[in-house]
Amino acid sequence: MRNWDEAEEKGNSNCSIEEDFREATRVCASLGIQLLEANFVPRYWDDVFTKFLDKLKMGATPNPDLDCNKYIKFSAFLDFAASRGFDKVATGHYARIAQRSVLGHQPTTVMLQGVDNDKDQTYFLASIDPGVFSKVLFPLGTLTKAEVRSIAESEGLPPASRKSSTGICFIGKRVFDDFISDYIDTIPGRFVDIDTGKTIGPCSNILGYTYGQRSKMAGLSNKTYVVGKDIDNRILYVGRGRNHPALYTTKALIGEVHWLSEPHKREFEETGSLSCQSKARYRQKQAECVLKTRSLLDPVPKGSKYWSLEGYHTWVNVLEFKMPAFAITPEQFVVLYDNDICIASASIVSPCEIMFEL
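Residues numbered from 1 in each chain as written. Predicted model: local features only at pLDDT ≥ 70, side-chain atom pairs only at ≥ 80, totals over all residues. Heavy atoms only, no water.

1. Focus: helix H2 (residues 41-58)
1) Next: The terminal C-alpha atoms of H2, which comprises 18 residues, lie 24 Å apart, in line with the 26 Å expected from a rise of 1.5 Å per residue.
2) Next: Taken as a whole, H2 carries its principal kink of about 35° at phenylalanine 49.
3) Next: Downstream of H2 by one or two residues, glycine 59 has phi in the positive range, about 100°. (Helix = DSSP H or I, 4+ residues; strand = E, 2+ residues; numbered from the N terminus. Expected span 1.5 Å × (residues − 1). Bend = angle between axes of the 7 residues up to and from the residue.)

Here it is, written out as structure tokens:
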């Protein structure tokens, strides 16, 4: 599957896609099977990368991997496979598809976390259409990473010892700011201490920072972390120390919920509330929370005044956390769980009721 054309990048010598193709060729030769290549570069640009850039320009921190799974791997690629007569597609994601009785209903098809807690990838799969569950297989979902490597080694497969990929797929090992500067203009600004309101230094590009990220200012007695962003006034608010109250919030305003579990969807629509667990980033521990619809909230909560981003969409639901949550970041996805069942996802509009503001 080719989603990105590295040859068109400026001065890029990191040909990871070609390396992946060579590895796939070696594996297919070892197994004696045919290798087919699907080119989704134009669709990836339109459905994933352009949206990623638009959200960056707003000052948000988008996650393109969920859109890639939604529009490419579990849509365009499934269509490609069906057009060539294949009934199902197997991928290397650490997740499981199973029948499970949920909320007292008859057994239904759900997506479960992989048994390897450290490699579980349901966070990245929470945007896909549940209608594709019958068309996909996740053979690694019942295995640990160590077991997968052991099987690959015993079968003599070439990439058995290859390192796992990390980070945004089209950026790879490159420095984010260097890569993204080829596509959008930088916005210089200033760092402002949230406690004093005073400017404490210049910032070369406020778009390159996200909530909870350590600032790159030298000469300060305490480490500072980004706790807010004002695009119009070109301000990055920072707080001193990783335990600063501006890094923690009791609620999150979120957009429309994308449901993976029909019983949970019906429960929420009937009652306007659903107790569950959430993850606001990959490998984060699940946090107890309650999902509530906006129409039942009185008074209606407001987003933090320290997050002022351009062109923001309206929120329709709120997550209330049992314990204050760290760095709930605009335009990241929050994924909802019922223990090991991945039940839904939604984009974050804004943190709400930040501990610093209470």
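2. Let's talk about empty space enclosed by the protein
1) Next: Scanning all chains against the criterion turns up one cavity of 30 Å³ or more.
2) Next: For the lining of the largest cavity, the elements supplying multiple residues, two or more each, are H2 and helix H3 (64-83).
3) Next: A total of four residues in the lining of the largest cavity trace back to one element, the largest contributor, which is H2.
4) Next: Grouping the amino acids of the lining of the largest cavity by side-chain chemistry returns five nonpolar, one polar and four charged. (1 Å grid on protein atoms, 1.4 Å probe; cavity = no way out; pocket = protein on both sides within 12 Å on 5 of 7 lines; lining within 4 Å. Points joined across faces, edges and corners; volume = space filled by probe spheres on them. Nonpolar A, V, L, I, M, F, W, Y, C, P; charged D, E, K, R; others polar.)

3. Brief notes about the packing of aromatic side chains
1) Next: Inspection of the entire model under this criterion finds 20 aromatic pairs.
2) Next: Seen from their ring centres, phenylalanine 191 and tyrosine 209 are 5.6 Å apart, and the 90° between their planes marks the pair as edge-to-face. A residue pair is termed long-range when its members are at least 10 positions apart, and phenylalanine 191 in strand S5 (residues 189-193) and tyrosine 209 in the loop between strand S6 (199-203) and strand S7 (224-230) qualify at 18 residues.
3) Next: A residue is classified by how much of its surface remains accessible, and phenylalanine 191, at 2% relative accessible area, is buried.
4) Next: A connected cluster of aromatic rings, assembled from ring pairs, spans Trp4, Tyr44, Trp45, Phe49, Phe52 and Tyr183.
5) Next: Between lysine 216 and the ring centre of tyrosine 209, over which it is positioned, the NZ or CZ distance is 5.8 Å. (Phe/Tyr/Trp six-rings, centres within 6.5 Å; stacked < 30°, edge-to-face > 60°. Buried < 20%, exposed > 50% of the residue type's maximum accessible area, 1.4 Å probe, protein only. Lys NZ or Arg CZ within 6 Å of the ring centre and 35° of its normal.)

4. Overview of the layout of surface pockets
To find leftover empty space, a probe the size of one water molecule is rolled over the atoms.
1) Next: By volume, the second largest pocket is sized at about 270 Å³.
2) Next: Forming the walls of the second largest pocket are 14 residues, and the residues nearest its centre are Lys55, Asp67, Lys70, Phe333 and Ser347.
3) Next: Broken down by secondary-structure element, the contributors of at least two residues to the lining of the second largest pocket are H2, H3 and strand S16 (341-354).
4) Next: Class assignment for the residues of the lining of the second largest pocket results in three nonpolar, five polar and six charged.

5. Things to note about the environment of valine 110
1) Next: Looking at the secondary structure, you find valine 110 in strand S3 (residues 108-113).
2) Next: Classification of valine 110 by relative accessible area gives buried; the value is 1%.
3) Next: Separated by 189 residues in the primary sequence, valine 110 and proline 299 place their C-alpha atoms 35 Å from one another.
4) Next: In this structure valine 110 touches Arg96, Ile97, Ala98, Arg100, Val102, Phe133 and Ile341, once residues within four positions along its chain are discounted. (Contact = heavy atoms within 4.5 Å.)

6. Quick word on H3
1) Next: Taking the largest bend as the criterion, H3 deviates by roughly 25°, centred on phenylalanine 77.
2) Next: Among the residues of H3, Pro64, Asp65, Leu66, Asp67, Cys68, Asn69, Ile72, Phe74, Ala76, Leu78, Phe80 and Ala81 are the ones counted as buried.
3) Next: Of the surrounding elements, those touching the buried residues of H3 are H2, strand S1 (89-90), helix H4 (122-125), strand S4 (136-137) and strand S15 (333-338).
4) Next: Put simply, asparagine 63 is the residue that caps the front of H3, since its side-chain oxygen is 3.1 Å from the backbone nitrogen of aspartate 65.
5) Next: Just downstream of H3, glycine 85 is the residue with a positive phi angle, here 85°. (Polar contact = N/O pair within 3.5 Å; in protein donor to acceptor, adjacent residues only side chain to side chain.)

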